[in-house]
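Coordinates in review
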Amino acid sequence: TAFNTTTNNVFDDDAILAINGNVGNTNMPAKTASVYIKDNTNPAQKKLIVAPVSYHLNEDDSTRFTIALPAGYTSAKDVVITLGVGAGTEAAATDYTRLQTSIKLPAGAASPFTTQYA
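For the structure given in this document, a descriptive report is provided here. Owing to the predicted nature of the structure, the values given are computational and were not obtained by experimental measurement. (Residues numbered from 1 in each chain as written. Predicted model: local features only at pLDDT ≥ 70, side-chain atom pairs only at ≥ 80, totals over all residues. Heavy atoms only, no water.)

Looking at the overall build of the protein chain
Along the backbone of the protein chain there are zero helices and nine strands. When the helices and strands of the protein chain are placed in sequence order, the string is β-β-β-β-β-β-β-β-β. Considering only contacts in the protein chain between residues 6 or more positions apart, those separated by 24 or more positions represent 52%. Summing over all exposed atoms, the protein chain offers an accessible surface of approximately 9100 Å²; the carbon and sulfur share of this is 51%. (Helix = DSSP H or I, 4+ residues; strand = E, 2+ residues; numbered from the N terminus. Contact = heavy atoms within 4.5 Å. Areas by Shrake-Rupley, 256 points an atom, 1.4 Å probe, with all protein chains shown as cover.)

Dropping the structure here:
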């Protein structure tokens, strides 16, 4: 066996592995071959948990958010969550100010990750 693929807990795109058979061999040229590697990270684990650090706020308080993938999993790409005000919100628009419209779990970040926004 010349190549083995490895299983990991990183959510990533599928990839191509290009194999060059000519390295160091100029007397007998060989064609380059491509191997398709499918990301087999358990799709049932593609869950994201978003939770405020503080669930109960007094007026003039603020909170940050914790973003988490399942334990032991990371993402090869940034995960961006767009924030919005959902149905069932009882607070008047004058009761709060959104400081940002999205939060991000950076690629490769350890999970759980707490946003730097305050």
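We are not done yet, so read on.
Focus: the packing of aromatic side chains
Tallying each qualifying case throughout the model produces one aromatic pair. Relative to Tyr73, the ring of Phe11 lies with its centre 5.3 Å away and its plane at 15°, an arrangement referred to as stacked. With Phe11 in strand β1 (residues 10-11) and Tyr73 in the loop between β5 (65-68) and β6 (74-75), this residue pair connects regions lying 62 residues apart in the sequence. (Phe/Tyr/Trp six-rings, centres within 6.5 Å; stacked < 30°, edge-to-face > 60°.)

Describing the layout of surface pockets
A volume near 270 Å³ is recorded for the second largest pocket. As for the second largest pocket, its lining consists of 14 residues, of which Thr6, Asn8, Ile37, Lys38 and Asp39 are closest to the centre. (1 Å grid on protein atoms, 1.4 Å probe; cavity = no way out; pocket = protein on both sides within 12 Å on 5 of 7 lines; lining within 4 Å. Points joined across faces, edges and corners; volume = space filled by probe spheres on them.)

Here's the deal with the pattern of salt bridges
If charged atoms from side chains of opposite charge come close, those side chains can pair. Taken as a whole, this structure holds one salt bridge when the rule is applied. As a salt-bridge pair, Lys104 and Asp78 come within 3.7 Å of each other at their nearest N and O atoms. With a gap of 26 residues between them, Lys104 in strand β8 (residues 102-105) and Asp78 in the loop between β6 and β7 (79-82) connect regions that are remote in the sequence. (Salt bridge = Lys/Arg side-chain N within 4 Å of Asp/Glu carboxyl O.)

Structural notes on the nonpolar core
Counting residues in hydrophobic clusters, the biggest one holds eight residues: Phe11, Ile67, Leu69, Tyr73, Ile81, Ile103, Leu105 and Ala109. The contacts of Leu69, once residues within four sequence positions are left out, are Phe11, Lys47, Leu48, Thr74, Ser75, Leu105 and Ser111. (Core = buried A, V, L, I, M, F, W, Y, C linked by side-chain atoms within 4.5 Å. Buried < 20%, exposed > 50% of the residue type's maximum accessible area, 1.4 Å probe, protein only.)

Some details on the sheet that holds strand β9 (residues 113-114)
As summarised here, the arrangement of the three strands in space is β4-β5-β9, forming an open sheet in which the pairing is antiparallel. Strands with a single pairing partner mark the edges of an open sheet, and in this sheet they are β4 (49-52) and β9. Summarising the sheet, β5 and β9 pair through two bridges and their orientation is antiparallel. The partner of Thr66 across the bridge, within β9, is Thr114. (Pairing = 2+ DSSP bridges.)

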